[in-house]
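Now for the letters of each chain:
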Amino acid sequence: YRPLQGWTGDDNVGDYRVFDNGTWDRYADWDIRKTYFNDAAPSQKHNVSLEGTSGKTQYRLAFGYDEKQGLERYAPDKMQRYMASANISTEITKWLKAGTRINFTQREFEEVNTQLNSYQYLWRWAPYTETFGSMPDPKTGEQIPFKNPIAERKQGNIDKAVTRNIRLQAWV
């Protein structure tokens, strides 16, 4: 994704050509995978747990964090998850046990709201028919991005969804 280079002559054809009548033709051949996607999707995961016994009581506490990022090069999707759990049980008598399990999970998901299916849009047309990049405004020289999945992702609103789950279980 870069500023497009205009035609200057047959020895430097660039990415597009503007004709004398004001119409123009684009013919840049893009490698969509390299233009739109990263080679890897970073992620990390951390977990810690503590368990043991004290007399007739057993316990286990666990905590975790998980983070993932999408493959898109521009405004990738992001997910974070926090987890905590506690399991406690005790022997009240030789024939009676009681315990509890508590689990908490919070998931945060961020994605760009592009109002279109970027993947379908990307692969629907041949790469030379799409204009990835920007052209200079003839009056101001400011780079104007074309409407395409990359521009949509760069300019789109970020939607954030947070989901929290708590589960409590007790038994005798």
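Predicted model only: the values in this text are computed from it and were never measured.

Undergrad: Before we move on, could you go through the overall build of the protein chain and cite the residues and values that matter?
TA: Helix and strand counts for the protein chain come out as three helices and nine strands. The globule rule puts the C-alpha radius of gyration for 172 residues at 16 Å, and the 27 Å found for the protein chain is more than 25% above it. The principal-axis extent of the C-alpha atoms belonging to the protein chain is close to 95 × 30 × 25 Å. Within the protein chain, buried positions represent 26% of all 172 residues. Excluding contacts between residues fewer than 6 apart, the proportion of contacts in the protein chain whose partners are at least 24 apart in sequence is 58%. Here the protein chain holds 24 positive side-chain charges and 22 negative ones, and the gap between their average locations is 14 Å.

Undergrad: So what's going on with the pairing of strand E9 (residues 157–171)? Residues and values would help.
TA: Along E9, only zero of the 15 residues are buried, which leaves the element largely exposed. Pairing of strand E6 (residues 96–113) with E9 involves 15 bridges; the strand directions are antiparallel. Across the sheet, residue Glu-108 finds its bridge partner in E9, namely Val-162.

Undergrad: Quick rundown of the sheet that holds strand E3 (residues 43–54)? Include the residues and the values.
TA: A sheet is described by the order of its strands in space; here five strands give the open sequence E3-E4-E5-E6-E9, paired in antiparallel fashion. If you trace the sheet from one side to the other, it starts and ends with E3 and E9, each paired once. Each strand of the sheet is rotated relative to its neighbour by a mean of 5°, with strand direction disregarded.

Undergrad: How would you sum up the packing of aromatic side chains? Please name residues and give values.
TA: By the definition in use, this model includes two aromatic pairs. Taken together, a centroid distance of 4.9 Å and an interplanar angle of 80° make the contact between Tyr-36 and Phe-37 edge-to-face. The buried category is assigned to Tyr-36, whose relative accessible area is 1%. Note on Phe-37: relative accessible area 11%, which makes it buried. A ring pair is formed by Tyr-65 and Tyr-82, whose centres lie 5.2 Å apart and whose planes are at 45°; its orientation type is tilted.

Reading the values: the criteria
- Residues numbered from 1 in each chain as written.
- Predicted model: local features only at pLDDT ≥ 70, side-chain atom pairs only at ≥ 80, totals over all residues.
- Heavy atoms only, no water.
- Helix = DSSP H or I, 4+ residues; strand = E, 2+ residues; numbered from the N terminus.
- Rg over C-alpha atoms; globule rule 2.2 N^0.38 Å.
- Buried < 20%, exposed > 50% of the residue type's maximum accessible area, 1.4 Å probe, protein only.
- Contact = heavy atoms within 4.5 Å.
- Lys, Arg positive; Asp, Glu negative; His and termini not counted.
- Charge placed at Lys NZ, Arg CZ, Asp CG, Glu CD.
- Pairing = 2+ DSSP bridges.
- Axes fitted to C-alpha atoms, helices over the stretch in contact; angles between N-to-C directions.
- Phe/Tyr/Trp six-rings, centres within 6.5 Å; stacked < 30°, edge-to-face > 60°.

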